[in-house]
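Observations on the three-dimensional arrangement
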Amino acid sequence: MSAAGSEWWREAVIYQIYPRSFADASGDGVGDLAGALRRIDDLADLGIDAVWFSPFMRSPQHDAGYDVADYRDIDPLFGTLADFDAFLAAAHARGIRVIVDLVPNHSSVEHAWFREALAAAPGSPERDRYLFQDGRGAHGELPPNNWESEFGGSAWERIEEPDGTPGQWYLHLFDSSQPDFNWRNPVVREEFLSILRFWLDRGVDGFRVDVAHGLIKKEGMADHQKPENAGPMGSRDDLSPYRGQPEVHEIYREWHDLLATYDGDRVLCAEAWLPTSDKTALWVRSGEMHQAFNFAYLMTAWDPAALREVITDSLRAYPAVGAPATWVLSNHDVIRHATRLMMPPDQDDGIGPRSPFIPAEGSGLARARAATTIMLALPGSAYLYQGEELGLPEVVDIPDADRQDPTFARTAGRRYGRDGCRVPIPWEADAPACGFSASGESWLPQPASWAAHARDAERADPRSTLNLYRRLLAERREHRLGRSVLVWVDDMGDDVLAFHNRDVTVVANFGAEPLPLPSGTVIAASGPLVDHHLPTDTAAWIDTGGVPIGPETGGVPIVRADLEDLLEHYGDGAA
Ligand code: GLC
């Protein structure tokens, strides 16, 4: 583990464990903490710096654990607090840090506070921890405003009062099983400070903060018309009354100060879907969070000009406020990048058997490998999603009856939702459920093709995606690419993305013709090279030994001295 005080998160590669789909020790078909512990050496072997666990707290699982009933306990589905402590200790012993997912925007309807709110009267302190309002219309039969749930339908649900009469409405920006807290109430703020302390005292290294843009709702909660093309989770809705309200930042300043009282560089990472890098950077100003997911990067299509623009923009916007840029290609909410990069951008509805365009299975793997080869050479911190290191595609053909994402039911199947990226991952080619669960159970059906992606098969194949990731991660660490600066290489043509990072030159070919590689030693390549040429949809890292790559290859000369100056300017953690 890198030393405390090193601000490890500035260059960390953080691996997302989606616990229900990672590894199942109990045999019930749902992954658990004991299963994750059994596989921990595989994570160490991969070469990551930290893991982020999607939620495992007590929950009725109406939104796969993002509906929390008790923030201080583990759901029996996933094990016990002792199982968590065992995982944490084993991870730390291997130099791997552990970040947990905190869901502060809403609880589950089964949270004790929400039950108390239902049993109490309108206007009571119990109701005031959530966002209850009287309905509109003569008898309060209409929702208080026109806000829509991110999962479809109205964002309001009407309750029955304790005396059996139709009553008030509560706000739920997500599923009706996820009532939003009232973050203007100091009692809610105190409670979450206490929850943070609970996990910090257990030794966690930080928090990924769910819906970090949404905690505060605009005063008055007036009607709002989402723009037609609002983007994933309304991310391009600039006037949203619940996205990035200014008072939300006070909350994170308080959390930052709390974390700072603990040793070991604990970290807050914002899940904030906002329209631009500049807006997202507001969450990582000094004294607030440490990192924010770079969804603008994730949503960029496979296009060199667009990628260059978003990378440049990110490397400007985040360092401008003293934060590292971060990079991410896949997570549990989006189509896996081995499929998505073959599609037009903005695939917010998911993909399923009736989708108008379905990329052929395996067709996106070359792009996915090239995309990761680019990403892991970028300065800053990177997030990986379990299974992408195996080259897993999105599972498209999940039967309707098996789909569990509330998005599918709330839109009557119009939007497929996110189950296709959540299918339990394969470990052993010849075992039941591909080694996910010894019983052969799996909460979502695994496709037959999973065996070919199993970790044991890929570990044995030098050309596998797993071994590509292992190599990239080892070389990234060796060359310290995470803490550095990027210098673009121009003039290699419109179909090429190329840049220097320290003594590594990265070249990616988006065009149809094979591209001659600059001279130097090839450190890693996302696919086979042909006569020192880079085929289409392939990227490579070349060790130029700090030597200018020379105009004959189309690259911009760069001298070592320039690089040293730049590193000094941007702060080199090695110093
Ligand atoms: C975040 C999570 C997503 C969840 C939603 C509601 O966007 O990543 O999975 O459904 O918040 O908690």
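Let us now look at the overall build of the chain. Within the chain one finds 15 helices and 20 strands. Scaling as 2.2 N^0.38, a compact globule of 575 residues should have a C-alpha radius of gyration of about 25 Å, and the chain matches this with 24 Å. Based on the C-alpha atoms only, the size of the chain along its principal axes is roughly 80 × 50 × 45 Å. The 575 residues of the chain split such that 60% are buried. Contacts spanning at least 24 positions in sequence make up 69% of the contacts within the chain whose residues lie at least 6 apart. Accessible surface computed for the chain: about 21200 Å², of which carbon and sulfur atoms make up 52%. For the chain, the centre of its 51 positive side-chain charges and the centre of its 89 negative side-chain charges are spaced 2 Å apart.

Let us look at the site of the ligand. Lining the immediate surroundings of the ligand are 15 residues, of which Asp63, Asp210, Glu271, His332 and Asp333 lie closest. A distance of 2.6 Å separates an oxygen atom of the ligand from a polar atom in the side chain of Asp63. One nitrogen or oxygen atom from the side chain of Asp210 is found 2.8 Å from an oxygen atom belonging to the ligand. The protein chains hide 100% of the 310 Å² of surface that the ligand would expose on its own. Across the shell around the ligand, the residue classes tally to 5 nonpolar, 3 polar and 7 charged.

Another aspect to go through is the nonpolar core. Core analysis: the biggest nonpolar cluster contains 153 residues, and Phe207 and Trp255 have the highest contact counts within it. Among the elements that make up this core, the one with the highest residue count is helix α5 (residues 186–202) (7 residues). The two domains that each donate at least three residues to this core are domain 1 (8–106 + 186–468) and domain 2 (112–171).

Here we take up the packing of aromatic side chains. Enumeration over the complete set of coordinates arrives at 30 aromatic pairs. Between Trp183 and Phe192, the aromatic rings sit 5.1 Å apart at their centres with planes inclined by 40 degrees, giving tilted as the arrangement. Taking relative accessible area as the criterion, Trp183 reaches 1% and is therefore assigned buried. What makes Phe192 buried here is its relative accessible area of 1%.

So, about the sheet that holds strand β6 (residues 132–133). Across a sheet, paired strands are connected by hydrogen bonds in the backbone, their directions being either parallel or antiparallel. The 3 strands are arranged β6-β8-β7 in an open sheet whose pairing can be described as antiparallel. Edge positions in the open sheet fall to β6 and β7 (156–160), since each of these has one partner strand only.

On to the pairing of strand β15 (residues 496–501). Regular strands place their side chains on alternate faces of the sheet. Across the 6 residues of β15, 6 count as buried, placing the element largely inside the fold. Side chains Val496, Ala498 and His500 of β15 all project onto a buried face; the interleaved residues Leu497, Phe499 and Asn501 project onto the opposite face, where all are buried too. As paired elements, strand β14 (residues 486–488) and β15 share 3 bridges and run antiparallel to each other. Bridged to Val487 within β15 is His500. One ladder, built from 6 bridges, connects β15 with strand β16 (residues 504–509); its direction is antiparallel. Bridge pairing links Val496 to Asn509 in β16. Joining the antiparallel neighbours β15 and β16 is a turn of 2 residues, in which Arg502 adopts a positive phi near 50 degrees.

Let us look at the pairing of strand β8 (residues 166–171). Of all 6 residues that make up β8, 5 are buried, and the element is covered over most of its length. The sheet contact formed by β6 and β8 spans 2 bridges and is antiparallel. Bridging from a neighbouring strand, Phe132 pairs with Tyr170 of β8. In the sheet, β7 pairs with β8 via 4 bridges, with the strands oriented antiparallel. Note that in β8 the partner of Arg158 across the bridge is Trp169. Count of turn residues in the β7/β8 antiparallel hairpin: 5 residues, of which Gly164 carries a positive phi of about 90 degrees.

Turning our attention to the sheet that holds strand β18 (residues 521–525). Within the open sheet, the 5 strands sit side by side as β14-β15-β16-β20-β18. Their pairing is antiparallel. Strands at the two margins of the open sheet, each flanked by one partner only, are β14 and β18. When the angles between neighbouring strand axes are averaged without regard to direction, this sheet yields 25 degrees. Across the face of the sheet, helix α11 (residues 365–375) comes into contact with β15, β16 and β20 (538–543) while running at roughly 35 degrees to β20. Strand contacts of helix α14 (residues 465–479): β16, β18 and β20, with the helix running at about 130 degrees to β18, the strand carrying the most contacts.

On to the domain arrangement of the chain, then. Structurally, the chain comprises domain 1 (8–106 + 186–468) and domain 2 (112–171). Computed from C-alpha coordinates alone, the two centres of domain 1 and domain 2 are separated by 31 Å. With 23 residues of domain 1 at the contact, the number on the domain 2 side is 18 residues. Summed over both sides, the interface between domain 1 and domain 2 buries roughly 1700 Å², with carbon and sulfur atoms accounting for 54% of that surface. Of all residues in domain 1, Met221, Asp223 and Arg410 bury the most surface against domain 2, accounting for 36% of the area lost on that side. At the junction of domain 1 and domain 2, the tally comes to 3 salt bridges. Residue Arg243 pairs with Glu150 through a salt bridge whose shortest N-O separation is 3.1 Å. Linking domain 1 with domain 2 are 10 residue pairs in polar contact (both at pLDDT 80 or more). Breaking the side of domain 1 that touches domain 2 down by element, the ones donating at least two residues are α5 and α12 (406–410).

Overall, the coordinates contain 43 salt bridges when judged by the stated rule. Among the ionic pairs, Lys217 bridges to Asp180, the shortest N-O distance being 2.7 Å. You can see Lys217 sitting in the loop between β9 (206–209) and α6 (248–260) and its partner Asp180 sitting in the loop between β8 and α5, a full 37 residues away along the chain. With respect to burial, Lys217 and Asp180 carry one shared label: buried. Connected through shared salt-bridge partners, Asp63, Asp333, Asp405, Arg418 and Arg422 make up one network.

Using a relative accessible area of 0% as the deciding quantity, one classes Asp180 as buried. Engagement of the side chain of Asp180 in a polar contact is seen with the side chain of Lys217, the distance being 2.7 Å. Residues contacting Asp180, with those up to four places away along its chain left out, are Asn105, His106, Tyr130, Leu131, Leu171, His172, Leu173 and Lys217.

The rules behind the values
Residues numbered from 1 in each chain as written. Predicted model: local features only at pLDDT ≥ 70, side-chain atom pairs only at ≥ 80, totals over all residues. Heavy atoms only, no water. Helix = DSSP H or I, 4+ residues; strand = E, 2+ residues; numbered from the N terminus. Rg over C-alpha atoms; globule rule 2.2 N^0.38 Å. Buried < 20%, exposed > 50% of the residue type's maximum accessible area, 1.4 Å probe, protein only. Contact = heavy atoms within 4.5 Å. Areas by Shrake-Rupley, 256 points an atom, 1.4 Å probe, with all protein chains shown as cover. Lys, Arg positive; Asp, Glu negative; His and termini not counted. Charge placed at Lys NZ, Arg CZ, Asp CG, Glu CD. Near = heavy atom within 4 Å. Polar contact = N/O pair within 3.5 Å; in protein donor to acceptor, adjacent residues only side chain to side chain. Nonpolar A, V, L, I, M, F, W, Y, C, P; charged D, E, K, R; others polar. Core = buried A, V, L, I, M, F, W, Y, C linked by side-chain atoms within 4.5 Å. Domains from an automatic or database assignment. Phe/Tyr/Trp six-rings, centres within 6.5 Å; stacked < 30°, edge-to-face > 60°. Pairing = 2+ DSSP bridges. Axes fitted to C-alpha atoms, helices over the stretch in contact; angles between N-to-C directions. Buried area = accessible area lost by both parts, 1.4 Å probe. Salt bridge = Lys/Arg side-chain N within 4 Å of Asp/Glu carboxyl O.

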